[in-house]
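Chains, contacts and geometry: an overview
This is what each chain is made of:
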Amino acid sequence: MHKVLVTRAVFEPVVERLRQHFEVDYHAVDAPLTPDELVKKLAGKAGALTMPTDRIDAPLLAACPQLRVVCNSAVGYNNFDLDACSRAGVMATNTPGVLDDTTADIAWSLILASARRIVAADKWLRAGHWEGWKFKDWLGTDVHHATLGILGMGRIGQAIARRAAGFSMRVIYHNRRRLAEASERECNATWLTKNELLRNADFLVLMLPYTPESHHAIGAAELALMKPTAHLFNVARGGIVDDAALIEALQARRIAGAGLDVFEAEPELDPRFFTLDNVVLTPHIGSASSATRMKMALLAADNLIAALSGDKPPNLLNAFID
Ligand code: GLV
């Protein structure tokens, strides 16, 4: 029986499913292992169910020669050095698809919260400031009939776009590869260059994978192209936005607002974020519904079971193995 590691706390049914196939070392603590602890725990393990907080890189792979597969319980896999995995002959998998709608929902939560100043209004009310209804209090921005921009139009970007129909919005997007005509029609979305997208969006959502090419895809130059009335949202990965440049733009009101679920050095945040009333902050909870987190972990487990049974895992990332 193969030995596998579950690196962090997951749901019991997931561990149960794995126990039917493997000898499972379950690290049932909801805190990341340090790189050294991870290497130690992986000794003698053929596979691991990992989390985005586990870094799988060349030094770790060199120290764990028995490892054959790493299965991330996340769609993003920037915590994997995929080339190093491929060089070491280690399969890597992720969990695409099952979290699309839940992540699209959080993008919309942030759009509405930022446009209508929900969080600031809630704080103000709880602080006892409300003296009565006022005609000109807490004026926000309309989402309906505005222009939604999406940078990164994969499955989640498209799920965000489809929801815009209910708000009668114009949808524009930029993606390196333009969508097929049928998908553009289904999303009612128009492709623009990145700069045109930046200039035209009222609400701009970033939904790119984080790679060396997308590092600081939004920095001072890009923010300068946006409308002063625009709002920016990052529900993808920290590092896609230059956080310092965004803070300066929000402070100077060069853009109107932002909603952020991810940060460059998370869980450390630039303390200047806490002084701004035009940003809504959430702690990387894009896929965090009970049902979706269960589906993600079960899919990661299915990938692990397939890989170590000699089958092609359904969500294999390495291009070279088939
Ligand atoms: C979560 O951040 C994911 O990539 O699934």
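Whatever comes next refers back to the structure up there.
What this report covers is the structure whose coordinates are included nearby. (Residues numbered from 1 in each chain as written. Predicted model: local features only at pLDDT ≥ 70, side-chain atom pairs only at ≥ 80, totals over all residues. Heavy atoms only, no water.)

1. What to know about the sheet that holds strand β4 (residues 69-72)
Taken in spatial order, the 5 strands line up as β2-β1-β3-β4-β5 in an open sheet, and their pairing is parallel. Each edge of the sheet is formed by a strand with only one pairing partner; in this case those strands are β2 (23-26) and β5 (91-93). Going across the sheet, the axis of each strand differs from the next one's by a mean of 15°, ignoring polarity. Across 4 bridges, strand β3 (residues 47-50) lies against β4 in parallel orientation. Along β4, the bridge assignment pairs Gly47 with Val69. Across the sheet, helix α1 (residues 12-19) touches β1 (3-6), β2 and β3, and the angle it forms with β2 is around 150°. (Pairing = 2+ DSSP bridges. Helix = DSSP H or I, 4+ residues; strand = E, 2+ residues; numbered from the N terminus. Axes fitted to C-alpha atoms, helices over the stretch in contact; angles between N-to-C directions. Contact = heavy atoms within 4.5 Å.)

2. Side note on the pattern of salt bridges
In the structure shown here, the tally under the stated rule is 16 salt bridges. Taking the shortest distance from any N to any O, the salt bridge between Glu186 and Arg162 comes out at 3.7 Å. Taken as a pair, Glu186 in helix α8 (residues 181-187) and Arg162 in helix α7 (residues 155-163) lie far apart in primary sequence, 24 residues in all. What makes Arg162 partly exposed here is its relative accessible area of 36%. Note that Lys227 is salt-bridged to Asp202, the shortest N-O span being 2.8 Å. Here Lys227, found in the loop between α10 (220-225) and β10 (231-234), pairs with Asp202, found in the loop between α9 (194-200) and β9 (203-206); they are 25 residues apart in sequence, far enough to count as distant. (Salt bridge = Lys/Arg side-chain N within 4 Å of Asp/Glu carboxyl O. Buried < 20%, exposed > 50% of the residue type's maximum accessible area, 1.4 Å probe, protein only.)

3. A look at the side chain of Lys45
Structurally, Lys45 can be placed in the loop between α2 (35-42) and β3. At 3.0 Å, the side chain of Lys45 and the side chain of Asp25 are in polar contact. Within polar-contact distance, the side chain of Lys45 engages the backbone oxygen of Lys41 at 2.5 Å. Residues contacting Lys45, with those up to four places away along its chain left out, are Lys3, Val4, Leu5, Asp25, Gln66 and Leu67. (Polar contact = N/O pair within 3.5 Å; in protein donor to acceptor, adjacent residues only side chain to side chain.)

4. Let's talk about the packing of α1 against helix α12 (residues 290-308)
Direction vectors running N to C along α1 and α12 enclose 10°, while the axes themselves pass 9 Å from each other. Classified by the interaxial angle, the pair formed by α1 and α12 is roughly parallel. Contacts from Pro13, Val14, Arg17 and Leu18 in α1 reach Met294, Ala297, Leu298, Ala301, Asp302, Leu304 and Ile305 in α12. In the contact of α1 with α12, the residues fall into 9 nonpolar, no polar and 2 charged. (Parallel < 35°, antiparallel > 145°, perpendicular 65-115°, else oblique. Nonpolar A, V, L, I, M, F, W, Y, C, P; charged D, E, K, R; others polar.)

Limitation: the analysis is restricted to geometry and does not speak to function.
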